[in-house]
Amino acid sequence: MIGGRVLDASALAAFATGRPVYMRALVWAAVEENIVLAVPSAALGRAWSMVDAEHHAALQVLLGLPNTVIHELSPESAQEAGLLLASQGLDDIVTGQVVTPPPGAGAGPR
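What you see is a predicted model; the values in this text were computed from it and never measured.

Some remarks on the overall build of the protein chain
Here is step 1: Along the protein chain, the regular secondary structure elements total 6 helices and 3 strands.
Here is step 2: Ordered by position in the sequence, the α and β elements of the protein chain form the string β-α-α-β-α-α-β-α-α.
Here is step 3: For the protein chain, the C-alpha atoms occupy an extent of roughly 35 × 30 × 20 Å along the three principal directions.
Here is step 4: Within the protein chain, the fraction of its 110 residues that count as buried is 36%.
Here is step 5: In the protein chain, 67% of the contacts between residues at least 6 apart in sequence involve partners at least 24 apart.
Here is step 6: Carbon together with sulfur atoms contributes 59% to the accessible area of the protein chain, which is approximately 6300 Å² in total.

Structure follows, in structure tokens:
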């Protein structure tokens, strides 16, 4: 299992805007310590829509970091996330993808 941190849409937007500054500090600390930053693709899409165009370059910087890994919403992960959401009476696929481990990641802490 790979350790690291999963960034949801609000964390991505916070990094992009620099508000609060803690998110940027977390990302740069992760770079220094070689901690994986997992970015679910659905959360990334939401983050692009949440921030003004002037902050899009910061999202590009985050995506280009060597420790950033994009988790695509594959058919398998969409099914798992959808079933998890349904079991809780929810329907937000972004949240579902954030809380569902990618295939092969195991069920340990993320």
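A closer look at the nonpolar core
Here is step 1: Counting residues in hydrophobic clusters, the biggest one holds 24 residues, and the most contacted among them are Leu7, Leu12, Met23, Val27 and Leu62.
Here is step 2: Breaking this core down by element, the ones donating at least two residues are helix H1 (9–17), helix H2 (21–33), strand S2 (36–40), helix H3 (41–50), helix H4 (56–63) and helix H6 (93–99).
Here is step 3: No other element matches H1, which puts 7 residues into this core.
Here is step 4: In this view, Leu7 contacts Leu12, Met23, Leu37, Ala38, Val39, Pro40, Ala43 and Leu62; residues no more than four positions away in its chain are not counted.

Considerations on the environment of Glu54
Here is step 1: Relative to the helices and strands, Glu54 is located in the loop between H3 and H4.
Here is step 2: Accessibility expressed as a relative area gives 64% for Glu54, which makes it exposed.
Here is step 3: Remark: the alpha-carbon pair of Glu54 and Val31, spanning 23 residues in sequence, is separated by 23 Å.

A closer look at the sheet that holds S2
Here is step 1: Here 3 strands make up an open sheet; going across it, the order is S1-S2-S3 and the pairing parallel. In the strand order of this sheet, the two ends are held by strand S1 (4–6) and strand S3 (68–71), each with one partner. Taken over all neighbouring pairs, the strand axes of this sheet differ in orientation by 25 degrees on average, direction set aside.
Here is step 2: With 4 bridges connecting them, S2 and S3 associate as parallel partners.

Focus: the packing of H1 against H2
Here is step 1: Interhelical geometry of H1 versus H2 gives an angle of 95 degrees and a closest axis separation of 7 Å. In terms of axis orientation, H1 runs roughly perpendicular to H2. Contacts between H1 and H2 involve Ala11, Ala14, Phe15, Ala16 and Thr17 on the former and, on the latter, Met23, Arg24, Val27 and Trp28.

Cut-off values and rules
Residues numbered from 1 in each chain as written. Predicted model: local features only at pLDDT ≥ 70, side-chain atom pairs only at ≥ 80, totals over all residues. Heavy atoms only, no water. Helix = DSSP H or I, 4+ residues; strand = E, 2+ residues; numbered from the N terminus. Buried < 20%, exposed > 50% of the residue type's maximum accessible area, 1.4 Å probe, protein only. Contact = heavy atoms within 4.5 Å. Areas by Shrake-Rupley, 256 points an atom, 1.4 Å probe, with all protein chains shown as cover. Core = buried A, V, L, I, M, F, W, Y, C linked by side-chain atoms within 4.5 Å. Pairing = 2+ DSSP bridges. Axes fitted to C-alpha atoms, helices over the stretch in contact; angles between N-to-C directions. Parallel < 35°, antiparallel > 145°, perpendicular 65-115°, else oblique.

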